[in-house]
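Notes for the structure review
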Amino acid sequence: MKPYAAILFDLDGTLADTAPDLGYALNEMLKARGLSTVPTKSIRAVASSGAGGLISKGMGIERNSTGFDKLRAEFLEIYQANLTRSSKLFPGIQELLTEIEQNNIPWGIVTNKAHRYTI
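The structure presented is a predicted model; accordingly, all values stated were derived computationally and were not measured.

The next thing to look at is the packing of aromatic side chains. For the coordinates displayed, the defined rule picks out three aromatic pairs. Pairing Phe 9 with Trp 107 gives two aromatic rings, centres 6.2 Å apart and planes at 75 degrees, and the pair type is edge-to-face. Of this pair, Phe 9 sits in strand β1 (residues 7-10) while Trp 107 sits in strand β4 (residues 107-110), and the two are 98 residues apart along the sequence. The exposure class assigned to Phe 9 is buried, which follows from its relative accessible area of 10%. Centre to centre, the rings of Tyr 79 and Tyr 117 are 5.7 Å apart; their planes meet at 50 degrees, and the pair counts as tilted. With Tyr 79 in helix α4 (residues 68-82) and Tyr 117 in the segment after β4, this pair connects stretches of sequence that are 38 residues apart. The exposure classification of Tyr 79 matches that of Tyr 117, with both residues buried. Among the aromatic residues, those joined into a cluster by ring pairs are Phe 75, Tyr 79 and Tyr 117.

As structure tokens, then:
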């Protein structure tokens, strides 16, 4: 009997470092408005909050504020066009996945990210 039925990984921040591309989208919006950009280190702290959290932090606007939905749509458009610009697997992940495959352990990815950003 195998010790595991399957191994499931979270995508963002566990399997792949996607913070740079999330930050890129936010910083493009900030630059377009003549505002100061946010360093990736600061973005990592709120990346798990998704587009809403990033926009709130970077733009200083709450989710229920007028204009928030328009900003979110703009962010997602920029992100979709650049979501593989700098994102990469974390160190050691490729080797881990190879080991899992060689041992015929089923594995998959779970995420709350919309499908169109994961395919």
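What follows is about the packing of helix α1 (residues 19-32) against helix α3 (residues 50-59). Taken N-terminus to C-terminus, the directions of α1 and α3 make an angle of 40 degrees; their axes are 10 Å apart at the nearest point. Relative to α3, the element α1 is oriented oblique. Once α1 is placed against α3, the crossing between them reads as right-handed. From α1, Leu 22, Leu 26, Met 29 and Leu 30 reach across to α3, where they touch Leu 54, Ile 55, Gly 58 and Met 59. For the contact of α1 with α3, the class distribution of residues is seven nonpolar, one polar and no charged.

Thresholds, definitions, all that
- For every chain, the first residue of the written sequence is number 1, and numbering continues from 1 onward in sequence order.
- Thresholds applied to this predicted model are a pLDDT of at least 70 for local features of residues and 80 or more for the giving and counting of side-chain atom pairs; totals over whole chains, interfaces and linings are not thresholded and use all residues.
- Side-chain numbers come from the whole structure's heavy atoms, not from hydrogens or water.
- Planes of paired rings set the category: under 30 degrees apart is stacked, over 60 is edge-to-face and the rest tilted, where pairs are Phe, Tyr or Trp rings (Trp by its six-membered ring) whose centres lie within 6.5 Å.
- Labels follow the DSSP assignment, with helices taken as runs of H or I lasting at least four residues and strands as runs of E lasting at least two, numbered in each case from the N terminus.
- Burial classes: relative accessible area under 20% of the type maximum marks a residue as buried, over 50% as exposed, and values in between as partly exposed (1.4 Å probe, protein chains only).
- Convention adopted: a line fitted to C-alpha atoms gives each axis, helices being fitted over their contacting stretch, and angles between N-to-C directions are expressed from 0 to 180 degrees.
- Orientation categories follow fixed angle ranges, with anything under 35 degrees roughly parallel, anything over 145 roughly antiparallel, 65 to 115 roughly perpendicular, and all other angles oblique.
- Crossings are assigned a handedness: left-handed for a near helix turned anticlockwise from the far helix by less than a right angle, right-handed for a clockwise turn.
- The contact criterion used throughout is that any non-hydrogen atoms of two residues lie within 4.5 Å.
- Nonpolar residues are Ala, Val, Leu, Ile, Met, Phe, Trp, Tyr, Cys and Pro. Charged residues are Asp, Glu, Lys and Arg, and all others, Gly as well, are polar.

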